[in-house]
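# Residue-level structural notes
Now for the letters of each chain:
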Protein chains: 2
Amino acid sequence: MRELDLLQHVYAANASLPTGVTIPPGDDMGAVRAPSGQVLITVDQVAQGVHVDLATASLEQVGRKAITRNLSDVAAMAAQPMAAVVAASLPRDFDTPRVNRLFDAMRQTAGAFACPLVGGDISIWDGPLILTVTILAEPAGIEPVRRSGSQAGDAIYVTGALGGSLETVDGYTHHLDFTPRLALARRLAGDPATRPHAMIDLSDGLARDLAHLCDASGLRAEVLAQQLPLSRGALQAAQRTGQPAWRHAVGDGEDYELLFTASPDREMPASIEGVPITRIGTMLPAGEPPMVGLRLPDGSMVDLTPLGWEHRA
Amino acid sequence: MRELDLLQHVYAANASLPTGVTIPPGDDMGAVRAPSGQVLITVDQVAQGVHVDLATASLEQVGRKAITRNLSDVAAMAAQPMAAVVAASLPRDFDTPRVNRLFDAMRQTAGAFACPLVGGDISIWDGPLILTVTILAEPAGIEPVRRSGSQAGDAIYVTGALGGSLETVDGYTHHLDFTPRLALARRLAGDPATRPHAMIDLSDGLARDLAHLCDASGLRAEVLAQQLPLSRGALQAAQRTGQPAWRHAVGDGEDYELLFTASPDREMPASIEGVPITRIGTMLPAGEPPMVGLRLPDGSMVDLTPLGWEHRA
């Protein structure tokens, strides 16, 4: 198994590159046109034992997630993907057919979102599988939506349904099989009637990611438990753990949905591109803790600030 | 040790970002201006046990190499760095002070080459240390130099001296401490009198990288052993291994020098920016093997095609 052969397989399969690719893979650097005059960039890793488990996930799911996890960040800015590069460190027992399955999944997923692979680096080592994907994007006519910019009184919205992303329900495992909300984000941010003040994608769980939005704008947030859109995964997880389903909706990570705020006087559609949009709460002026509070049906308030999901030692 | 705290340390230290950074680190994506309308991208990994050994290299050297290894690819295109993003997977025994030393070294090295860190991703896992760096660059007035474009009859040149990059000579270990040839490449490619037809950086060893140049232009190459600029590391390695020094100069990897071809009637300066430039051979029309041949002082020819350094299983 040689690095060069592996990369050539990837590049050969990359038959018809978009015209925006000015230097195709195989040189010291790839290049793409950046007509907007501004380029956005994000990097994420998918590591065996941290973000995926090869004992239960297929190589196709792992390759797909390595791309979609990054595309969710692109969606969070309402940007348009341009190109991706992949760095892979492969365990020694990964034979060529398995590597090709993995890279085919990455290439096909990236291609499906108009985000061609334009470069890569492969190492073979004694460690576990790790895929690092960097994605370039451009504004393409829509000013990127930042994490900051929320105003007191803003309504808080989420797309889709939350929680239980690790659960498998009817063969669907959200953290592997989710669709990044690229088209929805472009529609939302490109229309002055619905453009968010601030937006983030939900990767660390609603509690933590909403805290990021609060922090970026110097505000607090109150979420109504009854309004939280619960995924089937959240309901299944709640049955398994005995915890309330809202706990999974606010604390579980890897929803890869969009969390955004907008003026409360805007008419937000109930869904865009077939994905539900749900108002879950309100941004409040800075003041007494909690920074992120959850109002339960009995009127009591739960401090969500300590919750949320993070890799840590 | 929390990911967020670690990243915030990096970003806080990143005090004065260049004005080209339009979205600073800490959002879902970073962004930079791309006034050239074209953006170049490359990714490389530095993994414990493959590219570095923490038993002998300092954290400062490891952090530095993670950046310079990529900048060498930027030099190979004669491009100008714009911004970098870093993904790190850290072993659980990496405490915060060590992580900060590592990231400080990356940030300072990147900053020294006007290539600010604009984003990152940190995971903590059970595997060895791995740093994946993606660098963005722009042409900035100089058309990127590709691997293809050599013509039969072109003179072949290298910068610096070759071989023995793993050796430590008087406290200098080339594969860790080298300087990427960014300024030299810009000077070379920006001047019509010296602009290379094709260029690559020497990461896999002269034999293999010259084969890449031959392959990209459908040519052969002949190198004169007597002309090879031997590094002190190559001489030390030769003493240790008993092999001829030229064997180290053509076969050892990680020189991170530039290899380029240009019309033989051009007056190439003996050095640029204080770095020697040496003519080592000639590009030849396609024909009988070897694709890459080395002429020894006794007139005999060695086929270099099977040589060269590559990570493999």
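The following paragraphs examine the structure supplied in this document.

Basis of the calculations
- Residues numbered from 1 in each chain as written.
- Chains lettered and ligands numbered in written order.
- Predicted model: local features only at pLDDT ≥ 70, side-chain atom pairs only at ≥ 80, totals over all residues.
- Heavy atoms only, no water.
- Helix = DSSP H or I, 4+ residues; strand = E, 2+ residues; numbered from the N terminus.
- Rg over C-alpha atoms; globule rule 2.2 N^0.38 Å.
- Buried < 20%, exposed > 50% of the residue type's maximum accessible area, 1.4 Å probe, protein only.
- Contact = heavy atoms within 4.5 Å.
- Areas by Shrake-Rupley, 256 points an atom, 1.4 Å probe, with all protein chains shown as cover.
- Lys, Arg positive; Asp, Glu negative; His and termini not counted.
- Charge placed at Lys NZ, Arg CZ, Asp CG, Glu CD.
- Pairing = 2+ DSSP bridges.
- Axes fitted to C-alpha atoms, helices over the stretch in contact; angles between N-to-C directions.
- Expected span 1.5 Å × (residues − 1).
- Least-squares fit on C-alpha atoms with pLDDT ≥ 70 in both.
- Parallel < 35°, antiparallel > 145°, perpendicular 65-115°, else oblique.
- Left-handed = near helix turned anticlockwise from the far one by under 90°.
- Salt bridge = Lys/Arg side-chain N within 4 Å of Asp/Glu carboxyl O.
- Phe/Tyr/Trp six-rings, centres within 6.5 Å; stacked < 30°, edge-to-face > 60°.
- Lys NZ or Arg CZ within 6 Å of the ring centre and 35° of its normal.
- Buried area = accessible area lost by both parts, 1.4 Å probe.

## A look at the overall build of chain A
A tally of helices and strands in chain A yields eight helices and 16 strands. The C-alpha atoms of chain A give 20 Å as radius of gyration, which agrees with the globular expectation for 313 residues (20 Å, within 12%). With respect to the three principal axes, the spread of C-alpha positions in chain A is 60 × 45 × 35 Å. Per-residue burial for chain A yields a buried fraction of 60% across its 313 residues. Counting contacts in chain A only where the partners sit at least 6 residues apart, residues at least 24 apart contribute 82% of the total. Entry remark: accessible area of chain A is about 11200 Å², with carbon and sulfur atoms responsible for 49%. Considering chain A, the positive charge centre built from 24 side chains and the negative charge centre built from 36 side chains are found 2 Å apart.

## Brief notes about the sheet that holds strand 6 (residues 130-138) of chain B
Think of a sheet as strands paired side by side through backbone hydrogen bonds, with each pair either parallel or antiparallel. Read across the sheet, six strands follow the order 1(A)-2(A)-3(B)-6(B)-4(B)-5(B) without closing on themselves; strand pairing throughout is mixed. Both edges of this open sheet fall to strand 1 (21-23) of chain A together with strand 5 (117-125) of chain B, since each of them pairs with a single strand only. Here the average twist between neighbouring strands, direction ignored, is 25 degrees.

## Side note on the sheet that holds strand 6 (residues 130-138) of chain A
Strand order in the open sheet formed by six strands is 5(A)-4(A)-6(A)-3(A)-2(B)-1(B), with mixed pairing between adjacent strands. Looking along the sheet, the strands with just one partner apiece sit at the ends: strand 5 (117-125) of chain A together with strand 1 (21-23) of chain B. For this sheet the average axis-to-axis angle between neighbouring strands, irrespective of direction, equals 25 degrees. With eight bridges joining them, strand 4 (residues 80-91) of chain A and strand 5 of chain A adopt parallel strand pairing. From the neighbouring strand, L90 of chain A faces strand 5 of chain A, where its bridge partner is I124 of chain A. Helix 3 (residues 96-112) of chain A contacts strand 4, strand 5 and strand 6 of chain A of the sheet and is inclined by roughly 170 degrees relative to strand 4 of chain A.

## Quick word on helix 3 (residues 96-112) of chain B
When the terminal C-alpha atoms of helix 3 of chain B are compared, their 24 Å separation across 17 residues agrees well with the 24 Å that a helix rising 1.5 Å per residue should span. A114 of chain B, located one to two residues past helix 3 of chain B, shows a positive phi value of around 55 degrees.

## So, the relation of the copies chain A and chain B
Two chain copies, one operation linking them: a rotation about an axis together with a shift along it. Aligned on chain B, chain A shows an RMSD of 0.0 Å; the corresponding rotation is 180 degrees and the shift along the axis is 0.0 Å. The superposition of one copy onto the other is thereby described by a two-fold rotation axis. A symmetric contact is evident, with 100% of the interface residues of chain A recurring at the interface of chain B.

## Observations concerning the environment of G293 of chain B
All names here are of chain B. Within the secondary structure layout, G293 lies in strand 15 (residues 292-295). According to the relative accessible area criterion, G293 is buried, its value standing at 0%. Sequence separation between G293 and A225 is 68 residues; the distance between their C-alpha atoms is 9.8 Å. Those residues within four positions of G293 in sequence are excluded, and the remaining contacts are A221, E222, V223, M301, V302 and L304.

## Focus on the packing of helix 2 (residues 59-76) of chain B against helix 3 of chain B
Residue and element names in this part refer to chain B. Where helix 2 contacts helix 3, the two axes come as close as 8 Å, and the packing angle between them is 40 degrees. Judged on the interaxial angle alone, helix 3 and helix 2 are oblique. Note on packing geometry: the crossing formed by helix 2 with helix 3 is right-handed. Contacts from L59, E60, V62, G63, R64, A66, I67 and T68 in helix 2 reach R98, R101, L102, A105, M106, T109 and A110 in helix 3.

## Some points on the pattern of salt bridges
If charged atoms from side chains of opposite charge come close, those side chains can pair. Using the criterion set out here, one finds 28 salt bridges over all chains in the structure. Between D27 of chain B and R147 of chain A there is a salt bridge, and its shortest N-O distance comes to 4.0 Å. Of this pair, D27 of chain B sits in the loop between strand 1 and strand 2 (30-33) while R147 of chain A sits in the loop between strand 6 and strand 7 (155-159), on two different chains. By relative accessible area, R147 of chain A is classed as buried at 18%. For D104 of chain B, the salt bridge is made with R107 of chain B, and the minimal N-O distance between the two is 3.2 Å. Of this pair, D104 of chain B and R107 of chain B are both found in helix 3, three residues apart, which corresponds to roughly one turn of the helix. On the basis of relative accessibility, which here comes to 15%, the residue R107 of chain B falls in the buried class. Salt bridges sharing common partners tie together D27 and D28 of chain A together with R146 and R147 of chain B.

## Overview of the packing of aromatic side chains
This model, assessed by the stated rule, comprises five aromatic pairs over all chains. With 6.1 Å between their ring centres and 20 degrees between their planes, W125 of chain A and W125 of chain B make a pair best called stacked. Within this pair, whereas W125 of chain A is found in strand 5, its partner W125 of chain B is found in strand 5, the two belonging to separate chains. Centre to centre, the rings of F178 of chain A and Y256 of chain A are 4.2 Å apart; their planes meet at 15 degrees, and the pair counts as stacked. Here F178 of chain A, found in the loop between helix 4 (174-177) and helix 5 (182-190), pairs with Y256 of chain A, found in the loop between helix 8 (245-251) and strand 12 (258-262); they are 78 residues apart in sequence, far enough to count as distant. Note that R98 of chain B overlies the ring of F94 of chain B, its terminal NZ or CZ placed 4.3 Å from the centroid.

## Some thoughts on the interface of chain A and chain B
Chain A puts 70 residues into the contact, and the matching count from chain B is 70 residues. Of the roughly 5500 Å² buried between chain A and chain B, counting both surfaces, carbon and sulfur atoms make up 56%. Sorting the residues of chain A by area buried against chain B places D28, M29 and I41 of chain A first, and these three jointly supply 15% of that buried surface. Applying the counting criterion to the chain A and chain B interface returns eight salt bridges. When the shortest N-O distance is used, the salt bridge between R147 of chain A and D28 of chain B registers 3.2 Å.

## Quick notes on the environment of L136 of chain B
Structurally, L136 of chain B can be placed in strand 6. Overall, L136 of chain B belongs to the buried group, its relative accessible area being 0%. For the pair L136 of chain B and V99 of chain B, spaced 37 residues apart in sequence, the C-alpha to C-alpha distance is 24 Å. Once residues within four sequence positions are removed from consideration, L136 of chain B is found in contact with V39, I41 and L136 of chain A together with V32, V39, L40, I41, Q80, P81, M82 and A83 of chain B.

## Observations regarding the side chain of S72 of chain B
Within the element layout of this structure, S72 of chain B appears in helix 2. Setting aside residues no more than four positions away along its own chain, S72 of chain B makes contact with F178, P180, D201 and Y256 of chain B.

## Observations regarding helix 6 (residues 206-217) of chain A
All names here are of chain A. Between the first and last C-alpha of helix 6 there are 17 Å, a value that for 12 residues agrees with the 16 Å anticipated at 1.5 Å per step. Among all positions of helix 6, only L206, A207, R208, D209, L210, A211, H212, L213 and C214 are buried. Downstream of helix 6 by a residue or two, G218 has a phi angle that is positive, lying close to 65 degrees.

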